[in-house]
Amino acid sequence: MEGDRGLLFEVMVFPLSELTAQAGRKPSLVDNAYVALKEVIRDGVLPPGYQGSEQEIAGKLNMSRTPVHEAIIRLQSEGLVKVLPKRGVLVCSISPDDMREIYDVIIACESMAAELLAALPESERCIKANALDALNATMGLALQENDLVAWAKADDEFHRLLVVIVSCGNGRIARIAETIMDQSHRARMLSLKWRPIPTKSVEEHQQIVDSIRKGLKIQAHNKARDHRARSRDLLLPLLERFGVKQL
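Residues numbered from 1 in each chain as written. Predicted model: local features only at pLDDT ≥ 70, side-chain atom pairs only at ≥ 80, totals over all residues. Heavy atoms only, no water.

Concerning the packing of aromatic side chains
Applying the stated criterion to the full structure yields zero aromatic pairs. For Arg74, the ring lying beneath its charged end belongs to Tyr34, and the centroid distance is 4.6 Å. The positively charged end of Lys193 is found above the aromatic ring belonging to Trp194, 4.6 Å away from the centroid. (Phe/Tyr/Trp six-rings, centres within 6.5 Å; stacked < 30°, edge-to-face > 60°. Lys NZ or Arg CZ within 6 Å of the ring centre and 35° of its normal.)

As structure tokens, then:
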């Protein structure tokens, strides 16, 4: 694709703890390729429908082909790319109907994760609430500076911390959420230019965190559910209004 020629990817440091820290090892070349390729897909640098060879993608990432090949296999299992025999690698697209289903799963996972976090012993849940607080503060600062890209990245990290990176005591919830949160982030990035300034996001996140810190299990569940349901009810009409068929 002509617009991709000479493209240099400035890959931000994506949390590798979910990949390697728990295993007590340093990131491998495959880990690095996986993180770099996932990041440019999540942020739309390689948009839905992009198709290229493994060698081309490796060149864009300034990496060798072997770790990129292994990363592509991993990403295919997560539904982000599809390997087309003799035709290269395709970045998969998702439809608005797909997003509706994705939000159904996200709402279930995050509300249960918030409830489980609120059920932890006080010292443990306060530590995790403090970590969530820090990301929420980053979101608030980004909004003050009108930096929606920074807000979106901090928002994504907040939700990942809730269910993926910070264990909520149920590994299955984390694994299910992990496979779909990248699609959610793609929709978040796409809609930045259309949606109103997300001023309520910080307030609603704070309500979730406060409920977790106080050990209010049902309230934490309900606040997390309502927050994601409101996001769904904002995004899906936007996709319909602007005629988005895939993202």
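Examining helix α9 (residues 217-241)
A rise of 1.5 Å per residue sets the reference length of α9, with its 25 residues, at 36 Å; its end C-alpha atoms lie 37 Å apart and thus fit the reference within 8%. All of the buried residues along α9 are Ala220, His221, Ala224, His227, Arg228, Ala229, Ser231, Leu235, Leu236, Leu238 and Leu239. Gly243 sits one or two positions beyond α9 and adopts a positive phi of about 65°. (Helix = DSSP H or I, 4+ residues; strand = E, 2+ residues; numbered from the N terminus. Expected span 1.5 Å × (residues − 1). Buried < 20%, exposed > 50% of the residue type's maximum accessible area, 1.4 Å probe, protein only.)

Thoughts on the environment of Ile94
The topology assignment puts Ile94 in the loop between β3 (88-91) and α4 (96-118). With 15 residues separating them along the chain, Ile94 and Gly79 place their C-alpha atoms 9.8 Å apart.

Here's the deal with the confidence of the model for the protein chain
Confidence along the protein chain averages 85 in pLDDT terms, with 88% of residues attaining 70 or more. Within the protein chain, the element-level pLDDT minimum falls on helix α7 (residues 171-190), averaging 83, and the maximum on helix α8 (residues 199-214), averaging 96. Ignoring residues within four places in sequence, the model shows residues 1-23, a span with pLDDT below 50, making 42 contacts including any to other chains. (pLDDT = per-residue confidence, 0-100. Contact = heavy atoms within 4.5 Å.)

Things to note about the pairing of strand β2 (residues 81-84)
Taken together, the four bridges between β2 and β3 define a ladder with antiparallel strand orientation. Counted as the bridge partner of Lys82 is Leu90 from β3. (Pairing = 2+ DSSP bridges.)

Considering the sheet that holds β3
Sheet architecture is open: three strands sit in the order β1-β3-β2, paired in antiparallel fashion. The open sheet has two edge strands with one neighbour each: β1 (51-52) and β2. Of the pairings in the sheet, the one linking β1 to β3 comprises two bridges and is antiparallel in character. Residue pairing in the sheet places Gly52 in a bridge with Val89 of β3.

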